[in-house]
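Below, each chain spelled out in residue letters.
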Amino acid sequence: MAAANGSSEKHEGFEVPKVEVKFTKLFINGHFVDALSGKTFETRDPRTGEVIARIAEGDKADIDLAVKAAREAFDNGPWPRMTGYIRPTIYCIHIEFIFVSRQRVEQERGRILHRFADLIDQHIEELAILDTVDAGKLFMVGKLRDIPGAAHLLRYYAGAADKIHGATLKMSQRMQAYTLKEPVGVVGHIVPWNYPSTMYFFKVSPALAAGCTVVVKPAEQTPLSALFYAHLAKAAGVPDGVLNVVPGFGPTAGAAVASHMDIDKLSFTGSTEVGRLVMEAAAKSNLKPVSLELGGKSPVIVFDDADVDMAVNLVNFATYTNKEGIYDAFVKKAAELAKKSVVGDPFNPRVNQGPQARTSQCHVDKDQYEKVLKYIDIGQREGATLVTGGKPCGDKGYYIEPTIFTDVKDDMTIAQDEIFGPVMSLIIKFKTVEEAIQKANNTRYGLAAGIVTKNIDIANMVSRSIRAGVIWINCYFAFDPDAPFGGYKMSGFGKDMGMDALEKYLQTKTVATPLYNTPWL
Amino acid sequence: MTMMCVLPPSRPVSLTARADAELRIKDALERDISDSNQGSILEDQEYQLIVDCNALSVDIDNEITIVHNFIRDKYKLKHPVLESRVHHPIDYARVVQKIGNEMDLTLVDFKGILPSADIMWITMAESTTSGEPLSEENLAKTIEACDRALNLDSTKKKILDFLERRIVHVAPNLTAIVGSAVASKLLGTAGGLEALAKMPACNVLLLGAKKKNLSGFSTATVQFRVGYLQQTEIFQSTPPSLRPQASRLIAAKSTLAARIDSIRGDRTGKAGQSLFEEIGDGLGKGYGLLGQAGSGKLRVSTGERKLISKNSKRFKAKNYGSSGSRSGLASSLAFTPIQGMELLNPFTDASELPGSYHMAARRASSILCRRLLTRPAAASLAGDSALAGADGARALLPGTLLHGRHRFSTAPAAVTGAAPNDEPIQPSVEIKHTQLLINGNFVDAASGKTFSTLDPRTGEAIARVAEGDAEDINRAVAAARRAFDEGPWPRMSAYDRCRVLLRFADLIEAHAEEIAALETWDSGKPLEQAAGAEVPMVARFVRYYAGWADKIHGLVVPADGPHHAQVLHEPIGVAGQIIPWNFPLLMFAWKVAPALACGNTVVLKTAEQTPLSALYVASLLHEAGVPEGVLNVVSGFGPTAGAALCSHMDVDKLAFTGSTGTGKIILELAARSNLKPVTLELGGKSPFVVMDDADVDQAVELAHHAVFFNQGQCCCAGSRTFVHERVYDEFVDKSKARALNRVVGDPFRKGVEQGPQIDGEQFKKILQYVKSGVDTGATLVAGGDRVGDKGFYVHPTDEMKIAQEEIFGPVQTILKFRGVEEVIRRANATPYGLAAGVFTRSLDVANTMARALRAGTVWINCYDVFDAAIPFGGFKMSGVGREKGPYGLRNYLQTKSVVTPIRDAAWL
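Residues numbered from 1 in each chain as written. Chains lettered and ligands numbered in written order. Predicted model: local features only at pLDDT ≥ 70, side-chain atom pairs only at ≥ 80, totals over all residues. Heavy atoms only, no water.

Asker: Where do I start with the overall build of chain B in this structure?
Answerer: Looking only at helices and strands, one finds 34 helices and 24 strands in chain B. When the 908 residues of chain B are sorted by exposure, 59% land in the buried category. Sequence separation of 24 or more characterises 75% of the internal contacts of chain B that already satisfy a separation of 6 or more. Carbon and sulfur atoms provide 54% of the accessible area of chain B, an area that totals close to 34200 Å². (Helix = DSSP H or I, 4+ residues; strand = E, 2+ residues; numbered from the N terminus. Buried < 20%, exposed > 50% of the residue type's maximum accessible area, 1.4 Å probe, protein only. Contact = heavy atoms within 4.5 Å. Areas by Shrake-Rupley, 256 points an atom, 1.4 Å probe, with all protein chains shown as cover.)

Quick look at the structure:
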């Protein structure tokens with residue numbers, strides 16, 4: 001194990017940028033305000049366990065306020081009534097008119113979102129720092145991928161704002177009919193801590209593009225960048241009340257969002273257990289439609305014709321299924337790679353090496369840290385072989401070594417539960433394709449799956465046969481704003497990203513009227 | 001004592017000389033002028049006095065310049081940029097006096113000293129520049145110098161007033177041509193009327209040229225050497241391109257007039273008058289299609305002295321500018337039609353006047369119009385004109401014309417009444433690119449040839465543009481081919497292409513003003529239309545298709561058997577695009593934006609009438625980061641460059657917007673070469689149907705815009721207006737009134753709704769159609785003449801040519817109908833099918849018509865609604881394919897089905 005520095009203060013060869021936390025209050029109706037209760041909670045630097053800032057702690061009363069603002073902004077505000085793009089009326093050339101229309105051109109959702117994206121581009125470093133100190137995200141990854149990716153998502157949906165098409169219908173009677181796609185209303189978003197920026201824009205950007213107003217509850221572990229984004233949105237021209245951010249805890253603020261009678265739509269990303277609670281609360285309140293992006297235990301199936309190096313490099317904390325013939329070679333290489341992986345301060349660019357570094361080596365808080373260690377312990381007790389790792393590292397902060405288990409059985413806890421840590425379970429060897437499919441589908445989850453093969457027939461057949469929302473063939477984590485992402489089975493329903501995500505935030509209205517004396521239908 | 005260090009001691013105008021002159025002037029004013037003085041001009045006391053006065057005024061000018069330089073030097077510290085905006089020495093002195101050491105200019109009231117635009121500019125400039133207060137001593141000196149300048153100016157004003165009143169006696173004919181101020185200066189500089197009379201015209205032209213700062217009061221440099229004559233109204237009201245010609249003409253005629261005056265020839269000034277009209281005639285010929293003219297004969301008066309002096313005072317009530325420089329600074333363009341005068345008697349039958357006389361008067365008056373409107377004092381109507389009298393008098397008070405405006409008119413009411421002596425309407429844009437854009441570089445044509453692109457206002461050349469032909473098309477296609485086959489553009493991620501296009505849109509917005517000015521200059525469309533609507537729409541189009549780049553989805557198809565089938569949409573390759581002149585920039589955006597978003601490379605041929613704006617924005621696209629060879633722009637003519645593009649074997653796709661006739665040729669060339677797919681957006685004769693339940697006022701307004709928008713040069717112009725018989729008469733009356741209120745004029749002028757037609761050929765064609773309409777029995781209700789370019793017909797039958805063929809000009813035909821079925825039949829009885837308008841409040845009629853009309857777009861209770869997302873294109877002979885919206889992408893995408901068997905899949 002290459003030992004990297006666990007403590008951030010004494011760093012060598014890299015710089016820890018100055019961390020400045022500007023926004024710690026709730027963002028409601030265009031203003032940063034204290035919680036009504038006056039309470040605050042601390043957010044800690046996972047590198048050191050030290051307190052970074054005290055954040056206003058929103059609860060039910062604050063959620064009520066935020067929803068009221070969002071309701072007002074939706075019912076009476078300009079946002080849902082803006083066009084995809086104001087059309088300058090070309091035949092009317094009064095000078096007064098031109099003046100007015102130039103003003104109005106600015107008030108258009110697509111252009112405001114473009115400006116929002118430009119502002120994010122201007123603050124990449126600052127935002128990446130916030131995610132690093134708040135969520136332990138690798139600084140370089142944040143700077144090069146997560147934050148530009150957030151701007152990319154925004155631009156994608158800015159371009160989609162004027163491409164929300166209804167349809168004219170072919171009626172079987174003498175009728176003309178068409179559909180209108182209308183924004184659903186006030187949307188509640190509950191965002192997780194694993195990708196604070198990416199998840200935030202998974203949720204917020206299509207909702208805003210559709211013309212909805214939103215109330216976001218970021219994870220209590222990672223409120224900092226969410227509040228910063230709210231500030232940027234306001235600067236870009238998003239009207240007051242359209243975007244509200246209320247940091248707080250699930251049982252108080254989160255529950256209030258889920259059961260609010262004035263929220264028209266709820267979108268949640270998080271664990272399956274909490275997803276169940278969220279849906280229950282929605283059912284018990286106003287039957288608001290819910291979309292859930294929940295946990296997964298995604299298989300990666302490595303076939304015997306696969307390039308082992310590539311396969312090892314592709315895979316992260318997915319559960320493994322391997323064709324017998326290459327099992328041993330795969331385990332050996334995976335272990336070598338895990339040992340080479342540098343665990344350390346996320347501001348250290350060297351830590352960016354190795355596939356493990358791409359996900360959370362460092363855990364966001366102590367609970368999660370202890371949970372992962374517990375799973376490692378269970379894995380060993382249930383008879384899996386620990387090939388490498390399995391211990392905490394560093395004397396400070398929440399670091400865990402990359403860990404690989406082999407000889408994992410289908411029914412072991414570490415094969416069934418989502419661990420959400422740097423633990424790779426190399427399980428069942430398989431002999432046939434059918435067996436691999438059957439074993440891969442043998443899970444409650446269906447979020448994603450990876451296939452590593454050179455054979456086109458296997459690729460096509462397996463990708464259709466696995467019950468999962470995304471199939472990555474000879475790649476993994478191939479996320480793209482145009483590619484919908486979301487689960488089958490207990491991994492949730494409703495897609496993030498792509499034009500599909502817009503559907504979550506749109507209502508369909510059919511308009512029909514009889515036709516008389518028409519030459520065609 | 002202070003002044004001694006201020007001024008060089010060389011030529012201060014002595015106070016005694018000034019006092020003396022003032023005395024003599026006063027004295028002379030009290031005397032009566034004897035018209036009967038028959039002796040030599042040299043013996044005329046009046047004449048001597050004039051010569052002296054003039055010499056004095058030139059001296060004063062000199063001194064003002066010196067004082068001005070002093071003030072500028074001192075005051076630069078306080079307000080460094082003031083002199084760059086306020087050129088006039090007297091204005092400058094007034095402003096300096098007003099500001100003093102005040103640092104916050106918002107506290108200074110400039111009202112009456114400067115035009116409001118200047119006030120704003122100066123106030124803003126002050127806040128962004130670093131001026132420092134002057135020392136007490138320097139401030140005192142500066143203010144004293146200002147006082148002195150103003151003092152000198154007021155003396156000069158008195159002298160010039162005097163001169164202007166009297167010069168007409170000495171040199172009535174010369175005055176008739178160049179105005180009294182210039183006449184007196186010419187006399188003074190030449191050394192008297194006799195000397196002037198002996199001078200060759202070319203020397204008269206140069207009189208005063210070296211001292212351009214003295215009397216012109218302009219620090220702007222003159223492009224060619226003209227002296228005092230450039231201060232004449234007629235010179236100033238000539239477009240810059242015609243000025244060399246104009247100045248020679250004026251010089252020649254002025255010399256003639258001076259000779260007549262020196263021998264005391266025609267004391268009435270009529271000879272000068274006719275000479276003046278000859279200048280107008282001579283220049284009028286150069287105007288080509290733009291013979292804007294008044295319908296009355298208007299002349300400069302040399303009689304009515306009382307009127308002159310009275311009105312001069314009124315004119316001088318304007319506070320800014322020098323009192324003596326009225327002829328030199330304010331100017332406009334001669335061809336600006338006299339909107340107000342057109343309205344006076346639009347029904348005047350040309351036959352009331354002898355034809356030749358009529359035309360001559362028209363040309364002269366078009367040149368004169370500025371003079372008349374700015375200097376009502378100098379003009380009155382010639383008594384023998386058929387149009388003289390009350391109407392003419394009203395022409396001199398332009399404001400009154402507007403009171404009769406119809407209630408539903410939306411014509412900007414302030415326009416014709418606005419002071420016409422605004423800034424000279426000269427496009428504020430530099431022509432940067434005139435070469436062909438091939439492979440990322442601006443290059444000359446292979447042949448080295450160039451052609452002129454014309455200003456439709458004057459018919460004069462704006463610039464020489466490289467003329468591409470087959471060889472250049474070959475070079476451009478080769479570059480585009482390389483960029484497509486090997487270059488990064490089709491291979492970069494859609495998001496990267498999207499970002500290049502987004503940057504392009506930002507750049508268009510950043511340069512919007514220049515682009516709009518260029519577009520107006522080259523195509524003659526109103527600047528407000530170009531700047532307020534078209535340029536923003538170009539940026540909008542680019543953004544719209546930038547957003548599509550990463551959303552081009554193919555379908556995954558459910559196959560009948562165990563097959564996996566997916567559809568890929570790939571860029572089609574090298575796209576050849578030919579765009580028209582009616583909306584050069586919009587058509588650029590319609591064509592280029594979707595092609596680039598899909599990842600194609602493009603060879604674009606612009607219309608030879610309007611090559612400039614496309615070259616400009618293409619350079620911006622390269623600034624935004626498009627790789628070389630992706631967009632190539634070739635200016636040139638249809639039969640050479642256009643045909644080469646259409647028949648090129650390496651062009652994968654053609655898109656054309658233009659006339660149906662050319663569209664046929666293009667389709668044929670494509671068929672004969674490599675069968676490249678073609679999209680055509682061609683002509684139309686779009687019906688605009690007004691039902692009896694429609695809101696007539698609104699319908700009139702929209703029908704009016706539907707046909708007259710963009711000078712009628714719209715492929716989708718609603719040129720056949722069908723009106724239900726129950727509202728027909730009301731509609732025609734109101735339409736007539738609306739058309740008469742249409743503001744036609746210099747497209748750079750604010751409030752102008754309609755500029756000139758694109759070129760002489762188009763102009764002649766329109767007039768031929770108008771004639772054909774009259775010949776076949778239609779009733780001409782308004783216009784129909786080159787004056788206002790407003791055509792307006794009623795009662796033609798459907799078989800008439802004007803109701804069947806695309807006129808592409810401001811000609812509206814109004815037809816009567818009885819029922820829905822009848823109007824559907826008649827509206828569809830055309831080879832075209834581009835667009836249609838329906839005006840009705842009835843839902844059922846709207847639905848029926850929407851489906852029954854065979855046209856690519858049906859606008860219900862609206863017209864000309866162009867949105868990036870709404871597809872546009874024609875049925876029948878109006879074209880093939882659709883542009884805009886997601887449909888526009890299809891033109892530039894190939895569709896590829898990818899099929900492979902699936903073995904033992906769980907589902908299909």
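Asker: Hey, could you run me through the UniProt feature "active site" (unreviewed entry) in chain B in this one?
Answerer: All names here are of chain B. Using the residue numbers shown here, the UniProt feature "active site" (unreviewed entry) corresponds to Glu 681. Relative to the elements of secondary structure, Glu 681 occurs in strand E13 (residues 678–681). Once you skip the residues sitting within four places of it in the chain, Glu 681 turns out to touch Trp 590, Phe 656, Thr 657, Gly 658, Cys 715, Leu 834, Phe 872, Ser 878 and Glu 883. (UniProt positions renumbered as here; feature names shortened; annotations may be inferred.)

Asker: Help me understand the interface of chain B and chain A, please; the structure alone is not making it clear to me.
Answerer: The figure often quoted for interface size is the accessible area lost as the parts come together. Tallying the contact residues gives 52 residues for chain B and 42 residues for chain A. Considering only the surface of chain B that becomes buried against chain A, Tyr 495, Lys 551 and Arg 851 of chain B emerge as the three largest contributors, covering 15% of it. Inspection of the region where chain B meets chain A yields 4 salt bridges. For the pair chain B and chain A, the number of links is 12 residue pairs in polar contact (both at pLDDT 80 or more). Contributions of two or more residues to the side of chain B that touches chain A are made by helix H22 (494–510), helix H24 (527–549), helix H29 (696–708), helix H33 (843–852) and strand E24 (893–901) of chain B. The residue inventory of the side of chain B that touches chain A, partitioned by class, reads 27 nonpolar, 10 polar and 15 charged. (Buried area = accessible area lost by both parts, 1.4 Å probe. Salt bridge = Lys/Arg side-chain N within 4 Å of Asp/Glu carboxyl O. Polar contact = N/O pair within 3.5 Å; in protein donor to acceptor, adjacent residues only side chain to side chain. Nonpolar A, V, L, I, M, F, W, Y, C, P; charged D, E, K, R; others polar.)

Asker: Looking at this structure, I do not really get the packing of helix H4 (residues 124–135) of chain A against helix H5 (residues 139–160) of chain A. What am I missing?
Answerer: Two measures define how a pair of helices packs: the angle their axes make with one another and the distance between the axes. All names here are of chain A. Relative orientation of the contacting elements H4 and H5 amounts to 120 degrees, with a least axis distance of 9 Å. In terms of orientation, H4 lies oblique with respect to H5. As for the relative orientation of H4 and H5, their crossing is right-handed in sense. Together, Ile 124, Glu 125, Leu 127, Ala 128, Ile 129, Asp 131 and Thr 132 of H4 and Phe 139, Gly 142, Lys 143, Ile 147 and Pro 148 of H5 make up the contact between the two elements. Class assignment for the residues of the contact of H4 with H5 results in 7 nonpolar, 2 polar and 3 charged. (Axes fitted to C-alpha atoms, helices over the stretch in contact; angles between N-to-C directions. Parallel < 35°, antiparallel > 145°, perpendicular 65-115°, else oblique. Left-handed = near helix turned anticlockwise from the far one by under 90°.)

Asker: Honestly, the sheet that holds strand E24 (residues 506–514) of chain A in this entry has me stumped. Any pointers?
Answerer: As a general point, the strands of a sheet are linked pairwise by backbone hydrogen bonds and lie either parallel or antiparallel. Residue and element names in this part refer to chain A. Pairing is antiparallel across the open sheet formed by 3 strands, whose spatial order is E5-E6-E24. Since the sheet does not close on itself, it has two edges, and those belong to strand E5 (168–169) and E24, each with one partner. Pairing geometry for E5 and strand E6 (residues 175–183), over 2 bridges, is antiparallel. Along E6, the bridge assignment pairs Thr 168 with Tyr 178. (Pairing = 2+ DSSP bridges.)

Asker: What's the story with the side chain of Asp 146 of chain A in this structure? I'm lost.
Answerer: As for its placement among the helices and strands, Asp 146 of chain A is situated in helix H5. When neighbours within four sequence positions are excluded, Asp 146 of chain A is seen to be in contact with Lys 137, Val 141, Tyr 195 and Thr 198 of chain A.

Asker: I would appreciate a short explanation of the pairing of strand E5 (residues 450–455) of chain B in the present structure.
Answerer: Two faces, one strand: in a regular strand the side chains alternate between the faces of the sheet. Residue and element names in this part refer to chain B. In the sheet, E5 pairs with strand E6 (residues 460–466) via 6 bridges, with the strands oriented antiparallel. Of the residues in E6, the one forming a bridge with Asp 455 is Glu 460. What sits between the antiparallel neighbours E5 and E6 is a turn of 4 residues, in which Gly 459 has the positive phi angle 75 degrees.

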